[in-house]
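# Descriptive analysis of the structure
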Amino acid sequence: MKLAIVGGGPAGLYLSILLKRQDPAHEIAVYERNPEGSTYGWGVTYWAGLLDKLRAGDPESAAAVAEASVTWTDGVAIVRDERTVHRGDAGFGIGRRRMLALLADRAEELGVRVEFEHDIAGPDAAELADADLVVAADGVNSVLREAHPEHFGSTVTSGRNPYIWLGTTKVFDSFSFAFKETEHGWIWCYAYGFSGERSTCVVECSRETWTGLGLGTLGEADSLHLLEKLFHDLLDGHELIGRDRADDAAQWLTFRTLTNRVWHRGNLVLLGDAAHTTHYSIGAGTTLALEDALVLADALRAPADLDTALTTYGKRRRAELVSAQSAARYSAQWYENLPRYMRLEPAQMFALLGQRHSPLLPHIPPQLYYRIDRAAEQLEPLRRFKRWLGPRVARAVHGRR
């Protein structure tokens, strides 16, 4: 087959590796519009289960990713200047730029043609004309998908809270949170290490807090200075790092959740953020994109015609994503309703932070939910009842709207 993969992110590069390993005779080109090494986004997170899947797909790139990653096991939260520690499963962080370089090197080693600074303007581009399969791995703003919006049935929902993606020279050895109350409302930060020199910091707040603090009008340098003062105890005097555009406005965004009714049209198939997005607060975006690549490669391996393979891929992944998309939706809503939980003691608040994916939590007073959750840890029947009740309460409330 001749394959054109538009977009040199983790999903597109990893798919090229998997398909080239399946059949070295495949002619595969990856077209990335940006210069090599220019990615923005600091670090990404993943958990041990992904490494197991990557090892099965391609042991060499999995080993390289694992070696370049850092690990943490604890969660730390600073709430009203009180520090709380939560023991949890091991998590991993890796620089996005480092991951992309490793995957690009592995792809080229296998014979994939990776072309940087090569923009594909649309589905009629000459580079795609004779491809047997075109993979749209060009992100949430996919030009290939947007050429046929009615066919794919794309839906985009914007979140309420502004957020900004930053780096810092503080190296965190745990996944850390800080919640700060200002005269304009709460502002908070998620922070995690991704190398021995840098960490990621994502800062989020309500629209009212963002406006009240003047973050919508400050230049990047002044914004970073203000955030450094607010989160001084989390950062231990280290600086925050933006885009090095001191005179420009800081790049605050609102998260867009994308879904698509179908994932392919003819020989064009969606992959990664071009197909779906999940709120960053569950730390699963890169994992889900790489899992897309694994499932698509598996579907293409089967002895079936192309349309059947792409249909199988889309149905399977849409079904597998239901749980993650639900968790992401509830997680985003938890932060959008943060003041509801901030009257709790810091340890209790942090416990409910870990329960933010629950469909039951929004419908029960936080203090009562905390007590039920503690009791459920000791009583298996109560734990089963809690799992059973949550989705039913959520459906009942949704049905009344």
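Quick note: structure is the one above.
All of these numbers come straight from a predicted model, not from anything done at the bench. (Residues numbered from 1 in each chain as written. Predicted model: local features only at pLDDT ≥ 70, side-chain atom pairs only at ≥ 80, totals over all residues. Heavy atoms only, no water.)

### What to know about the side chain of Thr-286
With respect to the secondary-structure elements, Thr-286 resides in helix 10 (residues 285-301). Under the relative-accessibility criterion, Thr-286 is labelled buried at 14%. Discounting chain neighbours no more than four positions away, the residues touching Thr-286 are Pro-10, Val-44 and Met-99. (Helix = DSSP H or I, 4+ residues; strand = E, 2+ residues; numbered from the N terminus. Buried < 20%, exposed > 50% of the residue type's maximum accessible area, 1.4 Å probe, protein only. Contact = heavy atoms within 4.5 Å.)

### Description of the nonpolar core
The biggest cluster of nonpolar side chains holds 67 residues, and the ones touching the most others in it are Tyr-14 and Leu-15. Sort the elements by how many residues they give to this core and helix 10 lands first, with 10 residues. Leave out the neighbours within four places in its chain, and Leu-15 touches Ile-5, Val-135, Leu-271, Ala-293, Leu-296 and Ala-297. (Core = buried A, V, L, I, M, F, W, Y, C linked by side-chain atoms within 4.5 Å.)

### Comments concerning the pairing of strand 9 (residues 175-182)
Among the eight residues that make up strand 9, seven are buried, leaving the element largely enclosed by the rest of the structure. Bridging between strand 4 (residues 70-79) and strand 9 involves five bridges; their strand directions are parallel. Of the residues in strand 9, the one forming a bridge with Val-79 is Phe-179. When strand 9 meets strand 10 (residues 185-193), the two strands line up antiparallel, connected through seven bridges. Residue pairing in the sheet places Phe-177 in a bridge with Tyr-190 of strand 10. The turn joining strand 9 and strand 10, which pair antiparallel and follow one another in sequence, is formed by two residues. (Pairing = 2+ DSSP bridges.)

### Points about the pattern of salt bridges
For the coordinates displayed, the defined rule picks out 20 salt bridges. For the salt bridge of Asp-58 with Arg-21, the shortest nitrogen-to-oxygen distance reads 3.1 Å. You can see Asp-58 sitting in the loop between helix 2 (48-57) and helix 3 (59-67) and its partner Arg-21 sitting in helix 1 (residues 10-22), a full 37 residues away along the chain. Between Glu-320 and Arg-316 there is a salt bridge, and its shortest N-O distance comes to 2.8 Å. Separated by four residues within a single helix, Glu-320 and Arg-316 lie in helix 11 (residues 306-336), roughly one turn from each other. The exposure class of Glu-320 is partly exposed, given its relative accessible area of 37%. Under the relative-accessibility criterion, Arg-316 is labelled partly exposed at 38%. Connected through shared salt-bridge partners, Lys-53, Glu-291, Asp-292, Asp-298, Arg-301, Arg-316, Arg-317 and Glu-320 make up one network. (Salt bridge = Lys/Arg side-chain N within 4 Å of Asp/Glu carboxyl O.)

### Considering the sheet that holds strand 2 (residues 27-31)
Taken in spatial order, the six strands of this open sheet run 6-2-1-7-15-14, and their pairing is mixed. Looking along the sheet, the strands with just one partner apiece sit at the ends: strand 6 (113-115) and strand 14 (264-265). Examined bridge by bridge, strand 7 (residues 133-136) and strand 15 (residues 268-270) share three bridges and lie parallel to one another. Each residue of the ladder has a partner; that of Ala-136, found in strand 15, is Leu-270. Strand contacts of helix 1: strand 1 (2-6), strand 2, strand 6 and strand 7, with the helix running at about 170° to strand 2, the strand carrying the most contacts. (Axes fitted to C-alpha atoms, helices over the stretch in contact; angles between N-to-C directions.)

### A closer look at the packing of helix 1 against helix 4 (residues 96-109)
Their axes nearest at 9 Å, the elements helix 1 and helix 4 cross at an angle of 25°. The pairing of helix 1 with helix 4 is recorded here as roughly parallel in orientation. For helix 1 against helix 4, the interelement crossing comes out left-handed. Facing helix 1, whose interface residues are Pro-10, Leu-13, Tyr-14, Ser-16, Ile-17 and Arg-21, helix 4 presents Arg-96, Met-99, Leu-100, Leu-103, Ala-104, Arg-106 and Ala-107. Looking at the contact of helix 1 with helix 4 residue by residue, the class counts come to nine nonpolar, one polar and three charged. (Parallel < 35°, antiparallel > 145°, perpendicular 65-115°, else oblique. Left-handed = near helix turned anticlockwise from the far one by under 90°. Nonpolar A, V, L, I, M, F, W, Y, C, P; charged D, E, K, R; others polar.)

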